[in-house]
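Residue-level structural notes
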Amino acid sequence: MEETLFSNLDIFLFSLIVGLLIYWFVFRKKKEEIPEFKKLETPVPTTRETSFIEKMKKTGRNVVVFYGSQTGTGEEFANRLSKDAQRYGMRGMAADPEEYDMSELSRLPEIENSLSVFCMATYGEGDPTDNAQDFYDWLQEGDACLDGVKYTVFALGNKTYEHYNAMGKYVDKRLEELGAKRIFDLGMGDDDGNLEEDFISWREQFWPAVCEHFGVEATGEESSIRQYELVVHADMNMNKVYTGELARLKSFETQKPPFDAKNPFLASVTVNLKLNKGGDRHLMHLELDITGSKIRYESGDHVAVYPVNETAMVNQIGQILGVDLDTIFSLNNLDEESNKKHPFPCPTTYRTALTHYLDISNPPRTNVLYELAQYASDPKDQENMRKMASSSAEGKALYHSWVLDARRNILAILQDMPSLRPPIDHLCELMPRLQARYYSIASSSKVHANSIHICAVVVEYQTSTGRVNKGVATNWLKNKLPCDNGHKSTVPMYVRKSQFRLPFKVSTPVIMIGPGTGIAPFMGFIQERAWLKGKGKEVGETVLYYGCRHRNEDFLYQEELEEFERTGMITQLNVAFSRDQEHKVYVQHLLKKNKEHLWKLIHTESAHIYVCGDARNMARDVQNAFYEVAEEMGGMNRTQAVDYIKKLMTKGRYSQDVWS
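Predicted model, so just to flag it, every value in this text is computed and none were measured. (Residues numbered from 1 in each chain as written. Predicted model: local features only at pLDDT ≥ 70, side-chain atom pairs only at ≥ 80, totals over all residues. Heavy atoms only, no water.)

This chain's UniProt record puts "domain: Flavodoxin-like" (unreviewed entry) on residues 63–207. In residues 63–207, helix accounts for 32% and strand for 24%; the two terminal C-alpha atoms are 12 Å from one another. (UniProt positions renumbered as here; feature names shortened; annotations may be inferred. Helix = DSSP H or I, 4+ residues; strand = E, 2+ residues; numbered from the N terminus.)

This is the structure we're talking about:
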């Protein structure tokens, strides 16, 4: 009996050991096969190529063109310069500074005859663009030695803004301070004038200077250089075809936070109201539902929306070029080493590309005309297109009058030049990307946590050719009704943070100046201060200067503003009705009229000033009004008054959210 029991125990123990060994072996094998377990055992960091120097060496490039771009123009200019290099016996590459380790700039002299070019746009109040922020921080904080680095800078800005071309000027100056050698003067592009013309004029002088510096000569190759090759997909699974997404395929079907420029949230439109009671314009108020998105915003932030082009325009381009817009295609970069594999998400259809990805409503730049000229069968058309792309006075004048002044977009050009019939794939390669449109948020998240409000005016005007041009985004938003044939209308959007902020201390007085749709951020400011007051906080004076044409036509948010005034939330509501009397009255006139009260708030009570709206005229006139107030009430001369207001700006007590 004991012997039998012992044998059974032996067998049991033996089986247990074998089982444990098998389990251990299988489990270990599984660990080797499952990436998560491998990561736990031996964490191997995955790194992307961040050395533009190594990339340049590997691909035989000696010119790198970095771009700081918010709306795509800086990137477009960088691409044009990098393509130009080939015509001068050099090889260029356009590069996004966000994708590379910019401290590698000090290694550029390792490459013979190397040159770095910077196309830098300025955004907001003299700020870098989003993609150039890290580069800007590195320049500010770093003390790199850039001896032997050769560079030049082309700045993109707008003269109507206070900090005109601040980013380009800073990069130009800072690179020199770090030891780099400027080989050509800083270029200044002014979008208030003619940015394209400024760029062409600078570029025409830049390349001869490069030739002289490096001892190279133009090869004379002025032929069109294609950057992408066309691939048509005959039998493509539609699940692999982009239908308007910006980065991740099917991102509009399966939404995943966080939401940003490359992954916008599809917000439902819950309210779409016409605000004005009369007049020939359409001023609107929209509310976007952000429930469940985890999107957070603060008063003063901007909402970016991605519009689509008008269907009729897209169809007309397809008809003129005689193409099936539902053809599925890809444009693949001929440079296999490039980070940018396609000009927009591919594979897609021509219809989707023209609707979602390409800017077909703005007048095309001269490089587009130059490249398309080869497809004009009429020699006269070909000559005129090439002339418009030249730097000659006659060519510039023709481009200005025939394209810019007449506001001819690509459709109008195709209609007015019957001999011009380019292949649609080349047209798609050349057209710039359709960009997001930014609007000042007209609500406070303290009051509307799950809703973002927009206040905008619909853009529509007749051109000198008799055509009616429509603003892409505003006309698209106008038609976004809360319930469209039983379906919810949605808007792809994300929030861009702003520096336009209420004072940290609630008791600090605020002076807000916002005529027209410039009222938008102040609706958020007033809502927030009312909410704080309701919580028992001691809220400082809240003064608003608003302007519109007629009291009975376009006094936006009249009922809400008058109610805020009645309850004492707005301590002073000043409204300028510019056309309700013989002589025009604007917000700046009311500012000067109330100079005593304004000076007391600014000089004695440390009030914060906020200006929102048109940069070209209103913002400048308002600033001049404040200079006059400082002169008259502060006993200053003009130089002292200007210095006084500039100091307020430096201290963050005079903020502007303006556009041109």
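Before going further, it helps to examine helix H6 (residues 166–177). Here H6 contains 12 residues, and its C-alpha end-to-end distance of 16 Å stays within 8% of the 16 Å for a straight helix at 1.5 Å per residue. Every buried residue of H6 is listed here: Met167, Gly168, Tyr170, Val171, Asp172, Arg174 and Leu175. Contact partners of the buried residues in H6: strand E3 (115–123), strand E4 (127–128), helix H5 (133–141), strand E5 (150–157) and strand E6 (181–182). Looking one or two places after H6, you find Gly179, whose phi comes out positive at around 105 degrees. (Expected span 1.5 Å × (residues − 1). Buried < 20%, exposed > 50% of the residue type's maximum accessible area, 1.4 Å probe, protein only. Contact = heavy atoms within 4.5 Å.)

Unfilled space is identified by rolling a water-sized probe across the atoms. Applying the stated criterion across every chain, the model contains two cavities of 30 Å³ or more. Its boundaries defined by the atoms lining it, the largest cavity holds a volume of some 80 Å³. Around the largest cavity sit Gly244, Leu246, Phe252, Tyr306, Pro307, Val308, His356 and Pro492, which together line it. When the residues that make up the lining of the largest cavity are grouped by side-chain class, the tally is six nonpolar, two polar and no charged. Reported here for the second largest cavity is a volume of approximately 40 Å³. Broken down by secondary-structure element, the contributors of at least two residues to the lining of the second largest cavity are helix H7 (195–214) and helix H12 (393–405). When residues in the lining of the second largest cavity are grouped by element, the largest group, three residues, is from H7. In terms of residue class, the lining of the second largest cavity is built from three nonpolar, three polar and three charged. (1 Å grid on protein atoms, 1.4 Å probe; cavity = no way out; pocket = protein on both sides within 12 Å on 5 of 7 lines; lining within 4 Å. Points joined across faces, edges and corners; volume = space filled by probe spheres on them. Nonpolar A, V, L, I, M, F, W, Y, C, P; charged D, E, K, R; others polar.)

In the structure shown here, the tally under the stated rule is 41 salt bridges. Taking the shortest distance from any N to any O, the salt bridge between Asp335 and Arg61 comes out at 2.5 Å. Of this pair, Asp335 sits in the loop between strand E12 (328–333) and strand E13 (348–349) while Arg61 is found in the loop between helix H3 (52–59) and strand E1 (63–68), placing the two residues 274 residues apart along the sequence. By relative accessible area, which is 23% here, Asp335 ends up partly exposed. Between Arg182 and Glu176 there is a salt bridge whose closest N-O contact spans 3.3 Å. Given the relative accessible area of 28%, Arg182 is considered partly exposed. For Glu176, a relative accessible area of 44% corresponds to the partly exposed category. Via salt bridges that share partners, Glu54, Lys57, Glu104, Arg107 and Glu110 belong to a single interconnected network. (Salt bridge = Lys/Arg side-chain N within 4 Å of Asp/Glu carboxyl O.)

Attention now goes to the sheet that holds strand E14 (residues 437–440). The strand order across the open sheet formed by six strands is E14-E11-E20-E9-E10-E15, and the pairing between neighbours is antiparallel. Looking at which strands have only one partner, the edges of the open sheet turn out to be E14 and strand E15 (451–457). Direction aside, the axes of adjacent strands within the sheet are offset by 40 degrees on average. One ladder, built from seven bridges, connects strand E10 (residues 283–289) with E15; its direction is antiparallel. (Pairing = 2+ DSSP bridges. Axes fitted to C-alpha atoms, helices over the stretch in contact; angles between N-to-C directions.)

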